[in-house]
Amino acid sequence: RRGTELVRQLLAFARRQPRKPRVFELLPALREVAPLLARLLGPEHQLVVATSGAGLFVEADPGQLEQVLVNLVTNARDAMTAGGTVRITVDREEAAGAEWVACAVQDTGAGLSAEAMAHLFEPFFTTKGARGTGLGLSSCYGIVSAAGGRIEVESEAGAGTTFRVLLPRAFAAREVPSTREAV
């Protein structure tokens, strides 16, 4: 299983997996994947999923975005060795004249040192020792960047970590009424 996971991450990192972007509403997609995320966390951790943020659409590959969430939640779990809470929220933001959809994954774990923060998205950098491949966050970075977004991180040693995935806001495709006259 570990070898299969490593190969999957390497392929995703190398961007050999084809992207299949589409416009979709983020909050229902998050709620759909929430049971999987809760199982990944296990019974000693609590998952709290946003109840607001409806009507916010993004254009991305849903499967790849799910992979981002799985990586972030797995990292959060590993940072909370004595249990804790992972909170995922969805919100709308405006910055630099653009609208963004922000999906934040916040944990109550150990937090990150300034040194670790400086290398988070580098391939093969890990704080997990032999347990980690160092490809999870670099894969997340590649997926989010390919969708036109960015990832922001706030953390302090001993005070938990928040990863904010910002994606350009898309608008639901609407049917365009036909201009042809009925015959």
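Residues numbered from 1 in each chain as written. Predicted model: local features only at pLDDT ≥ 70, side-chain atom pairs only at ≥ 80, totals over all residues. Heavy atoms only, no water.

Student: Give a description of helix α2 (residues 26–41) that names residues and reports values.
Tutor: Relative to the 22 Å expected for 16 residues at 1.5 Å per residue, α2 spans 21 Å between its end C-alpha atoms, a close match to the ideal helical length. The sharpest bend along α2 comes to roughly 45°, located at Ala 34, with the proline Pro 35 sitting one to four residues further on. Taken together, the buried positions of α2 are Leu 26, Leu 27, Leu 30, Val 33, Ala 34, Leu 37 and Leu 41. In the stretch just after α2, Gly 42 is the one whose phi turns positive, near 85°. (Helix = DSSP H or I, 4+ residues; strand = E, 2+ residues; numbered from the N terminus. Expected span 1.5 Å × (residues − 1). Bend = angle between axes of the 7 residues up to and from the residue. Buried < 20%, exposed > 50% of the residue type's maximum accessible area, 1.4 Å probe, protein only.)

Student: Account for unusual backbone geometry, with residues named and values stated.
Tutor: The phi dihedral of Ala 96 is positive, around 55°, even though this residue is not glycine. By the element assignment, Ala 96 lies in the loop between β4 (84–95) and β5 (98–107). A residue is classified by how much of its surface remains accessible, and Ala 96, at 87% relative accessible area, is exposed.

Student: Explain the environment of Ile 143 residue by residue, including any values.
Tutor: Take Ile 143: it is sitting in helix α5 (residues 136–146). A relative accessible area of 10% means that Ile 143 is categorised as buried. Sequence separation between Ile 143 and Arg 19 is 124 residues, and the spatial gap between their C-alpha atoms is 9.0 Å.

Student: Now, about the pattern of salt bridges: what can you tell me, with residues and values included?
Tutor: Using the criterion set out here, one finds seven salt bridges in the structure. With a shortest N-O distance of 2.6 Å, Glu 94 and Arg 92 are connected by a salt bridge. On the basis of relative accessible area, Arg 92 is assigned to the partly exposed category, the value being 35%. Between Glu 152 and Arg 150 there is a salt bridge, with the nearest N and O atoms lying 3.2 Å from each other. Arg 150 gets classed as partly exposed once you look at its relative accessible area, which sits at 32%. Via salt bridges that share partners, Arg 92, Glu 94, Glu 99 and Arg 169 belong to a single interconnected network. (Salt bridge = Lys/Arg side-chain N within 4 Å of Asp/Glu carboxyl O.)

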